[in-house]
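Descriptive structure summary
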Amino acid sequence: MTSTCYFEEIVQDKSCHDYFILKNQIVRDVATNFRGKRLDCFDGYTWTTRLIDLFQHNTKNGKPRLNTISQKKVEKYYISNQSSQITHKEYEYAHRLFSPEVIKDSIYSISEMMSFLDRLYDLEIRFRILNEDQVYRNNFGSFKRKMFRANSLAIAYQLGAQVPVGYFEIFDADLTNLSGIVNEACAEIYKDLNFLKAKHYRGSKKCKCIFSPEVTGLFVHECVVHSYEADYYFSHKNHSSIGDVVVPRRLQEYISIVDYGGIRGSGYTPFDDEGTDACKTYIIQEGRVSELLTNSHYARLRHQSVSSGNARGKSIYDPNLIRMTTTYMDKGNQSVEALFESVGEGIYIETSQGAFLKDKFYLIPRRAYQIRKGRIKEPVSISCVSGRVSELLYSISGISNTVRFRNSLYGGCRKLNQDHLRVAYGGPYLSIDAVTIS
């Protein structure tokens, strides 16, 4: 790096407006607004970060902060080669827009339409509008702007004192079709009511299993791709190396795992916080470990001219970490019907409460069903699905030819105390020959 002055500037303007109603109460709302600037400067010897809090206000406590300025030295990092190119780009992703009056009336109407569900102990309906406007510029003349406008409707409910909270979310909700929203929500609630009768799965054994697209995406996000974020990859050894084949050779051409911020949804990130454009990163390509998720620092260490575009921070106050955007397993070559027909007896995992990776992966099912002769039968209560990631990938026996995504404005990814960073994940239906269920 030459000893010339260089600067990068990021200006963020965010607003989040939540409308919510508890059972038999009025609709309330809370708004949070934030506007700030971060200026990273390199004088030829030292990097310095200057943070300027232009405006932050929460209507709940009514205490705005204005023009809070802080300056600190930071660790040296590399400049992305792409940042030195003069680029002028603007991106916009916008959902349906509704007035506050329409939102409040709609939430109240949904609550009234669901009042016949007397089995619900608690019912909470939320509607969130998230607006993000971010500008990136540097002294080479680059200018990039992304505008993200999205909404999401979430319904949380309790079916009993000893029953986990049920949760249902519609990303990009259409408030002009309230009956459709209520029908979809009631279908989920009735599934949960039916699941209360589920028998507990006894013992622990390996059996055939089918993951839904949501569960496949969660497994890929939490248990596979986190291991191939460059900072984690070089500090841990519990993963396969670049170039290793990690799936059965007969299915090798059909199994790819991708991260791409250009997909429109809750993980939409057309460029990262270092000004690098989103690109399709194949963590696993045709069954072989191919690439890592990087920022400009790790890209330079690996002798790459451009990073994968995954340097992201929760806000301008947080350091840029290597984070996912929209992560998914690509589609395969089988129909969903053929996939289920290939399983004589097994378990179908429809939804999950979460997953995590230690020495093994652990996936906590929420709703699961017995499969007999290729048909979904009675619900079954399962505590955990576990095993080694490499063993599960080698046990894949079928992949559907359809991919679905899970988008959310209420959930998100957590890493090093930066939680609820908006991401998306997805995948196909996945058939697994042998996985441990308990």
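1. Re the packing of aromatic side chains
- Taken as a whole and judged by the stated rule, the model has 15 aromatic pairs.
- When the ring of Tyr 91 is compared with that of Phe 271, the centres are 6.0 Å apart and the planes differ by 45 degrees; the resulting orientation is tilted. Remark: Phe 271 occurs in the loop between strand 11 (257-259) and strand 12 (281-285) and Tyr 91 occurs in strand 5 (residues 88-94); sequence separation between them is 180 residues.
- Consider the rings of Tyr 328 and Phe 405, whose centres lie 5.4 Å apart with planes at 75 degrees: the pair is edge-to-face. Here the residue Tyr 328 occupies a position in strand 16 (residues 326-329), and Phe 405 occupies one in strand 22 (residues 404-407), the gap between them amounting to 77 residues.
- The exposure class assigned to Phe 405 is partly exposed, which follows from its relative accessible area of 35%.

2. Observations regarding the nonpolar core
- Among the nonpolar cores identified, the biggest contains 47 residues, and Phe 211, Phe 219, Ile 347, Ile 349 and Ile 437 are the most heavily contacted of them.
- Among the elements that make up this core, the one with the highest residue count is helix 3 (residues 213-224) (6 residues).
- Other than its neighbours up to four places away in sequence, Ile 437 contacts Tyr 201, Gly 203, Ser 204, Lys 205, Cys 207, Cys 209, Ile 347, Ile 382, Cys 384 and Val 385.
- Counting residues in each nonpolar core, the second largest holds 29 residues, with Leu 120, Ile 125, Leu 159 and Ala 185 among its members.

3. Remarks on the pairing of strand 12
- With 4 of 5 residues buried, strand 12 is to be regarded as a mostly interior element.
- Two strands pair when backbone bridges link them, and strand 11 and strand 12 are joined in this way by 3 bridges, in the antiparallel orientation. Counterpart to Asp 259 in the pairing with strand 12 is Thr 281.
- Pairing of strand 12 with strand 13 (residues 288-289) involves 2 bridges; the strand directions are antiparallel. Counted as the bridge partner of Gln 285 is Arg 288 from strand 13.
- The antiparallel hairpin formed by strand 12 and strand 13 contains 2 residues in its connecting segment, where Glu 286 sits at a positive phi of about 50 degrees.

4. Re the packing of helix 1 (residues 100-113) against helix 2 (residues 178-195)
- The contact between helix 1 and helix 2 brings their axes to 10 Å, and the two run at 45 degrees. With respect to helix 2, the axis of helix 1 lies oblique. Note on packing geometry: the crossing formed by helix 1 with helix 2 is right-handed. Between helix 1 and helix 2, the contacting residues are Ser 106, Ser 109, Ile 110 and Met 113 on the first element and Leu 178, Ser 179, Ile 181 and Val 182 on the second.
- Each residue belonging to the contact of helix 1 with helix 2 can be placed in one class, and the counts come to 5 nonpolar, 3 polar and no charged.

5. Description of the pattern of salt bridges
- Per the stated rule, a full pass over the model turns up 23 salt bridges.
- Of the charged contacts, one joins Asp 192 and Arg 366 as a salt bridge, the two residues approaching to 2.7 Å between their closest N and O atoms. One end of the pair, Asp 192, is in helix 2; the other, Arg 366, is in strand 18 (residues 361-372), with 174 residues separating them in the sequence.
- Assessed through its relative accessible area of 7%, Asp 192 is described here as buried.
- Among the ionic contacts, a cluster of salt bridges with common partners joins Glu 188, Lys 191, Asp 192, Glu 350, Arg 366 and Arg 367.

6. Comments concerning helix 1
- Compared with the 20 Å implied by 1.5 Å per residue over 14 residues, the 20 Å span of helix 1 between its first and last C-alpha is a close match.
- Residues Ile 103, Ser 106, Ile 107, Ile 110 and Ser 111 constitute the buried set of helix 1. The buried residues of helix 1 all sit within an arc of 135 degrees when viewed along its axis, so they share a single face. Pointing more than 90 degrees away from the buried face of helix 1 are the exposed residues Glu 101 and Asp 105.
- Turning to helix 1, the residues buried within the fold contact strand 1 (6-22), strand 6 (122-138), strand 7 (143-158) and helix 2.

7. Details of the environment of Ala 424
- Turning to its location among the elements, Ala 424 is positioned in strand 25 (residues 424-427).
- The exposure class assigned to Ala 424 is buried, which follows from its relative accessible area of 0%.
- Contacts of Ala 424, omitting those with residues within four sequence positions, involve Ser 266, Gly 267, Thr 325, Thr 326, Thr 327, Arg 406 and Asn 407.

8. So, the state of the cysteines
- Per the stated rule, a full pass over the model turns up 0 disulfides.
- Cys 223 takes part in no disulfide bond, and the closest cysteine sulfur, belonging to Cys 384, lies 10 Å away.
- Residue classification places Cys 223 among the buried residues on the basis of a relative accessible area of 2%.
- Residue Cys 413 stays outside any disulfide, its sulfur separated by 12 Å from that of Cys 223, the closest cysteine.

Basis of the calculations
Residues numbered from 1 in each chain as written. Predicted model: local features only at pLDDT ≥ 70, side-chain atom pairs only at ≥ 80, totals over all residues. Heavy atoms only, no water. Phe/Tyr/Trp six-rings, centres within 6.5 Å; stacked < 30°, edge-to-face > 60°. Helix = DSSP H or I, 4+ residues; strand = E, 2+ residues; numbered from the N terminus. Buried < 20%, exposed > 50% of the residue type's maximum accessible area, 1.4 Å probe, protein only. Core = buried A, V, L, I, M, F, W, Y, C linked by side-chain atoms within 4.5 Å. Contact = heavy atoms within 4.5 Å. Pairing = 2+ DSSP bridges. Axes fitted to C-alpha atoms, helices over the stretch in contact; angles between N-to-C directions. Parallel < 35°, antiparallel > 145°, perpendicular 65-115°, else oblique. Left-handed = near helix turned anticlockwise from the far one by under 90°. Nonpolar A, V, L, I, M, F, W, Y, C, P; charged D, E, K, R; others polar. Salt bridge = Lys/Arg side-chain N within 4 Å of Asp/Glu carboxyl O. Expected span 1.5 Å × (residues − 1). Arc of directions from axis to C-beta. Disulfide = S-S within 2.5 Å.

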